[in-house]
Each structure stands twice: as structure tokens, then as C-alpha cells.
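Inside the fold
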Amino acid sequence: MNAMLSAFFDSPDAMVMLTGALVGIAASLLGTFLVLRGASMLSDAISHSIVFGIIVVWMLTGQASGPVQIIGAALTGLLTVFLTELLTATRRVKADAAIGLVFPALFSIGVLLINLFARDVHIDEHTVLLGEIGFVWLDTYEIGGYLVPQAVVWMGVMALVNLAFVAVLFKELKLATFDAALARALGFAPALLSYGLLALLSGTAVAAFDSVGAILFIAFVIVPPSAAYLLTDRLSMMLVIGVAVSIVSAIAGYWLAVWFNVSIGGMMAVMTGVCFTLALAFGPRYGMLAQWARQRARLGENAARTLAVHLFNHEDDPQASEENVTAALREHLHWSPAKSRDVLARSLAEGLVTRAGERLILTDKGRQAARDVLEPWARGDRAIKA
Amino acid sequence: MFSLLADYTIQNVMIGAALLGIVSGVLGSFAVLRKQSLLGDTLSHAALPGICIGFLVAGTRSLPAILIGALLTGALAALIVLALTRSTRLKTDASLGIALSIFFALGIVLLTFIQNAGSAAQGGLESFLFGQAAAILRSDLYVMGAIALLALALVLLFWKEFKLVTFDPAYARTLGLPVLALEAALTTMIALAVVVGLQMVGVVLMAAMIIAPAVAARQWTDRLGVMVGLAALFGMASGLFGALVSATGRGLATGPLIVLAISAIVALSLLFAPGRGLIFAAIRQRENSRQLRSRRVLSTLYRLAAEHSDPAYPAEQRMLDAYHGAGTASALKRLEDRGLVTGTRHHPEPTPHWVLTPKGIAEAEAELAPGGNVQ
């Protein structure tokens, strides 16, 4: 067991994948609520402004990572959100423009401070934005005799804190996300909750910055929850699927990156995009294929109803023998032979129509279907009689 | 200072910065008014894979190839945002975030792929991430200038159409304008602006260059033409400022300096612009509430006089305070200055009293008449 654990912690492969998965888990747990609230781009703003927080905390304490950095960055994230809301409150600037004004300004101040004071330390805007997950196993803590990468420790802490936050405040978060007005009326503090969420998001961003970097972090916040949102209607399932997508992306991204010898963090983020595309294409309910199939089914159903109405209208006509034959569909409904055949086959299969030689005869069910279209108001009546 | 201006590199940087400022100011105005501020952010991040593909196709750091690549992937990202927003249950912000992060990730992957292939010119690609103004060549300026001219010519040519699509797309549609094509053109032009700025400020800070000049200009005017002109001016001024300060050699990056300059212009505009400026609005509101207070005191005096059937009824100041729930001294002083009331004594009481002057009675009657100012 001990040997297995130390082999695990000694394996750079495992540590890199673990870090990536932890980033994904921590980010997508919070991202779920951001995506549902329509505030995804706040993660973009926050992850850029933390450059400012990181350099300020470094200037004050000399620490480039660890708990002080995480708390400092959390405060920067809150400052970003606060300034954005302040700008929006003047009613001179729209919310999205406010986001786009605040984070570049804070990011710029951060970069200039780095230019002026921190030229030679390992903080540079490049690392902050892009990260270097391939080297996470270089800096380690010794914990219980094992050498555990610092990134794993801090990402693990953030993932646990976020998980605890979501688990303990699940009901409150759910209510505040879907019905903020009701949450307020019931005496919850949705604003406080949302600041808590964003503070944790900022903390997670700084814990993640030197592994995957600020911009790729955005992918882990937004993309897995969005993929999950296309697969389920349940909040709890959305959280679980988001986490699963993150883990799969971290593992698959790592191996592909090694295979092609390219950026690991970048490949992990690309894999979240691949998962999203799969969900978009094959989702059971909101997926493109499912929507396409549903649309086709609806068209077929409508055509069958049209046929039933046509037959019903001419049922007692003297010309019924001319109208209610297969050949008439082409002239009177302007259907192609292929379509006529398809619709007829479908109607026969559903028992709306029977065939007597060339003649098409409505069944009782077919007559009912026609009446439902022609006299929709009668439907309620029948239901009562039945 | 003048020796700086004579420096060849600095001249290049200044011309580039001015071009960027003008183009992003003009095109950003439309983006901000159409509530598409963050589209610029997404487009600029999505330009990265295009930069790499342009490099891979051309086999060298050829600016035209790189910019065409950037334009193509930027436009593709914009299309994806549009498609995701229209055909899925995702909101605009999530669609923007997805396109931004996935395209950028793809760009990073391609960038490392090119670096590992060990090409000599790969160093030049990184400069597009954060912008490296000093690396701009004179030949790059011709490309940037051509794009800027193209974008400005389009805006001039389709001015009326763009204006209508920006403010009232529904009406534009009823007039039979090709709204979809015009919107696509505007989005493409934002991509053009992004492409011009890539070398100056990099993909990360381009968002600010699209948004900030337009927001600043918006505070000073309600007319689109003036706004676009001012935005170009602000953009150009901050570009020149950033270029000059970074050239003084303390190792400060150009992009952040430009962004800070334009952010300062935004802050000043929000505070001091006449009309929409916050300080003027606050002064106006204070003035309004003061006037309202004076009018209320005047009408109270008038009613007291009317109730006592005595036009010269002396009202005690502390009684007026009690009526209005707070000090009325300043309001009475203002009324006295305008000659509407006058102070008096009401023996044997020692406290100050006030009576309406004939002018004050006339004013109060005018205000209390139906259709007057005070209800």
C-alpha cells in the first residue's frame, strides 16, 4: 500500500493528470452555477485580474503561492466584481462593457508592477496566463513521508473547499440561482452567496494559475458545466457530469499532449471542448441529432394527419373514389411519389388508414385524428364523455 | 523628447499605436452600442489558432498570412457563438466563454507544436499573445494601414445602414436592408480591429481597446458621428501615450500602458463629461432638491397666510422647521435673496419670523395654480 502510494506520488504522469483533474473538479463545481446564472464571463474577468492580486501579495509578503496568495487573489476577484457592479450601477455602462473595462485595467496594472518590481522572480504574466502543468511535480511538500506536489496539495484543498461549499449550501445555491427573488424573500442572502461563490472561484483561479494558467482555467470553469447542461435537467446531475467531463478531459488531454508533444494544459482544455461537442451532437434531449430526429418525427406525424384530414374531407363525397386513392395524393396534396409512399406506409402502420385495392379508407382512429385537427375544441368534450 | 521622436523604431510604434487607436475606437463604437462588448474579447482570443495556422501555411512569420488566419478563426468563433446561442439552451455569456477558451487552448496547442518543430521564427509568434510593440516593422505598418483604411472606408460607405442596424434592426429589416449581412459585416470589422491590435497590445488586452474608447466617447455626446470621432481620438491619444512612455526605456510594456491610459480617459469621462458625467449629475440633483425645498417652504408660507387671511402673516422659523422636519434656514435664505420673503420680528417673541413679500405672494400663487410646479 505504502509502496503503491509513493509510486503514485513519484510518478510525474499521475501527478500531472491528478492536478489537471483537480483543477477541473474544483472549477466545474463552481462553474455550474456561473453558467446557470449567465455570469460565465466573470470567470474571464477574475482569472485575468488575479495577476494584479498575485503581484500585490508578492510585493507585500514575498510569497508567490500558498494560502496567503489564495486569499489575496480571492480579494482581488471580489474587487473585480465589486468594481464591475459599481460601474454598472452608474447606469452609464452596460454590464458586459463594465467587465471588459475592469479586468484589462487591473491586468495592466499587474503587468506594469511586474515590469517595475518583479522582473527576476518566477511570476511573470506569461506563467500566470499559460501555466506549466508539466512541471508541477518539481515543487513538492513532504507529507507523511510522501513527496506530494504543491500544486496537488493546493488544488486538492480548493477542490475539497468547493465541494464542501456546494454540498453544505446546495439548497441555498439552487434557490438563489433559479429564483433569486424568492431566496431573498425567504431570508437567504443571495448577494452574499454569490460573493462567496466568486471569492472561491478567485481562490481556485490562483491555485490553478501556475499549473494550467488563467486563460485555460476559464475552459474548465465554463465548458464542462455547459456540456453537462446539454445532457441533463437536474442540478445535481449537472454537477456530477461536469466533474466527470473534467476528469476525462484531464486524462485524455494528458496522453494526447504527450503523444503529440504539445502543451498539456492546452490539450486538456481542448478535450473539454471535444466533450462539449460530443454532448452537443449526441445529447439525448438537447443534442443536435436528437433535435433533428424529433423534427423529422414531427414532420412525419403532421403529414400523416394531413392525409387523414384529406381522406376525412372527401369521405362522403361523390368523388371519393377519385380523391381517396394513392394517385390523388400527388395531385391534390402535391406530394412526391416517394413522400406519398412514406406517409402512406406510416399511416398504415399506425392504423389510421386501411387499404381496399386502390381505395384508402380511414379507420376509426384515423377519423378521430382528422377530427382532432378540424375540431380541436371538441376534444375536451370527448374527454369528459369518455 | 525630440530625439525620441526621431528614433525609427519609436516612429513605427507610434504610427502603429495611432492606427490601432483609431480603428478600435471607430469599430468598437458599433460593438458597444450593439451590446457586443465582450465579443471583441472572444474574437481576439480566437485569433491565436489562426495566427499559428497562418504561420504553418506560410512557413514563415509573414504578417498578411498570419492576419488572414487570425481573421478566419476569429470569424469562425463568432459564428460558433451565434450558432450556440441560437440553437442550444446556453446563454450568450456561456457561448462566448466556450468559444474563447477552446479556441485559445487550440492556439496554445498549435503554438507549442510549432515551437517543438523548432522553427527559427517561432519567437515572433509569442509576441502576439501579449503584444510586442517594439517588434513592429515598417512593412507591418503597411499591412496594418491597409486594414485600417479598408475598415474606415467600409464604415463611411455604409454609414447610414450601419447606423440603422445598430439602433433599430427591426426597422432596418422592414426597409428591406440585408440586416444579417450588415451584422456579419460589423462583426467581421471587429475582427479586423482585433487583427490590427494584435501586435500592439496582444490578444489578452484587445478587449479593452474595443470597449474603452467607445465607452469614454459615449459620455460626451448623443450623436453617433461625434461619438465615433471622439472614440478614434481617445484611442489614438492613448496609443501615442503608451508608445511614448514605453519608449522612455524603463522596461514598461506598451500594451498595458495604452490600456491604462484609455482606462483613465474612461474614468475622467464618466466623472466629468457634461450632461452624462456623474459629478454634473450629482450637482444637478442637489440643485433640484434645493429648489424643491425652497418651493415647498414658499407654499407653506402662502398657505399659512391664506389660512389666517392675512397676507402679512408672520410665520415663526421654528414652526416652519417643524413643518418640514428639518432646518429650513438655507431655503429661507435663498428665498430672501430672490426677494420673495423678508425677515421680521413678532413682538413680544424674540425668535425670527418670516413674511411673504408681494412678489413672493405672486410667485406662490403662480406655482399653486393648476398646472403649476407644486402639487
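Scroll up for the structure.
What you see is a predicted model, and the numbers here were worked out from it, not measured in a lab.

1. Digging into the sheet that holds strand E3 (residues 349-356) of chain B
Pairing between sheet strands relies on hydrogen bonds along the backbone, with the strands arranged either parallel or antiparallel. All names here are of chain B. One open sheet accounts for 3 strands, arranged E1-E3-E2; its pairing is antiparallel. The open sheet has two edge strands with one neighbour each: strand E1 (315-316) and strand E2 (341-346). With 5 bridges joining them, E2 and E3 adopt antiparallel strand pairing. Among the inter-strand pairings, Val341 is bridged to a residue of E3, identified as Leu356. On the sheet, helix H13 (residues 278-307) packs against E1, E2 and E3 and is oriented at approximately 95 degrees with respect to E3. In the packing of helix H15 (residues 329-337) onto the sheet, contacts are made with E2 and E3, and the angle to E2 comes to roughly 115 degrees.

2. Comments concerning a nonpolar patch on the surface
Residues and elements named next belong to chain B. On the surface, a nonpolar cluster with roughly 520 Å² of combined accessible area is contributed by Leu268, Leu271, Phe272, Ile279, Phe280 and Ile283. When contributions to the nonpolar patch are tallied by element, the ones reaching two or more residues are helix H12 (254-272) and H13. Looking at where Phe280 falls in the secondary structure, it is placed in helix H13. Accessibility expressed as a relative area gives 37% for Phe280, which makes it partly exposed.

3. Looking at the pairing of strand E3 (residues 353-356) of chain A
All names here are of chain A. Bridge count between E3 and strand E4 (residues 359-362): 4 bridges; the pairing is antiparallel. The residue bridging Thr354 from the neighbouring strand is Ile361, located in E4. Counting the residues between successive antiparallel strands, the hairpin from E3 to E4 contains 2 residues, one of them, Gly357, with a positive phi of roughly 65 degrees.

4. Structural notes on the side chain of Ser24(B)
Residue and element names in this part refer to chain B. Within the secondary structure, Ser24 is located in helix H2 (residues 8-33). Here the side chain of Ser24 touches Met209 through a polar contact of 3.3 Å, landing on its backbone oxygen. Among all residues touching Ser24, those that are not within four sequence positions of it are Ser29, Ala193, Met206, Met209 and Ile210.

5. Topic: unusual backbone geometry
The phi angle at Asn261(A) is positive, at roughly 55 degrees, despite the residue not being glycine. On the basis of relative accessibility, which here comes to 48%, the residue Asn261(A) falls in the partly exposed class. Phi is positive for Lys35(B), close to 55 degrees, though the residue is something other than glycine. Tracing the backbone shows Lys35(B) in the loop between H2 and helix H3 (39-58).

6. As for the nonpolar core
Phe217(A), Phe276(A), Phe104(B) and Met200(B) are the most contacted members of the largest nonpolar core, which totals 209 residues. Of all the elements, helix H10 (residues 179-220) of chain B adds the most residues to this core, at 28 residues. In contact with Phe276(A), not counting residues within four places along its chain, are Val223(A), Ser226(A), Ala227(A), Leu230(A), Leu84(B), Leu90(B) and Ile98(B). Formed by 18 residues, the second largest nonpolar core is a distinct cluster that contains Val309(A), Leu333(A), Trp335(A) and Leu362(A).

Thresholds, definitions, all that
Residues numbered from 1 in each chain as written. Chains lettered and ligands numbered in written order. Predicted model: local features only at pLDDT ≥ 70, side-chain atom pairs only at ≥ 80, totals over all residues. Heavy atoms only, no water. Pairing = 2+ DSSP bridges. Helix = DSSP H or I, 4+ residues; strand = E, 2+ residues; numbered from the N terminus. Contact = heavy atoms within 4.5 Å. Axes fitted to C-alpha atoms, helices over the stretch in contact; angles between N-to-C directions. Patch = residues over 30% accessible without salt bridge, like charges linked within 9 Å, V, L, I, M, F, W, Y side chains within 5 Å. Areas by Shrake-Rupley, 256 points an atom, 1.4 Å probe, with all protein chains shown as cover. Salt bridge = Lys/Arg side-chain N within 4 Å of Asp/Glu carboxyl O. Buried < 20%, exposed > 50% of the residue type's maximum accessible area, 1.4 Å probe, protein only. Polar contact = N/O pair within 3.5 Å; in protein donor to acceptor, adjacent residues only side chain to side chain. Core = buried A, V, L, I, M, F, W, Y, C linked by side-chain atoms within 4.5 Å.

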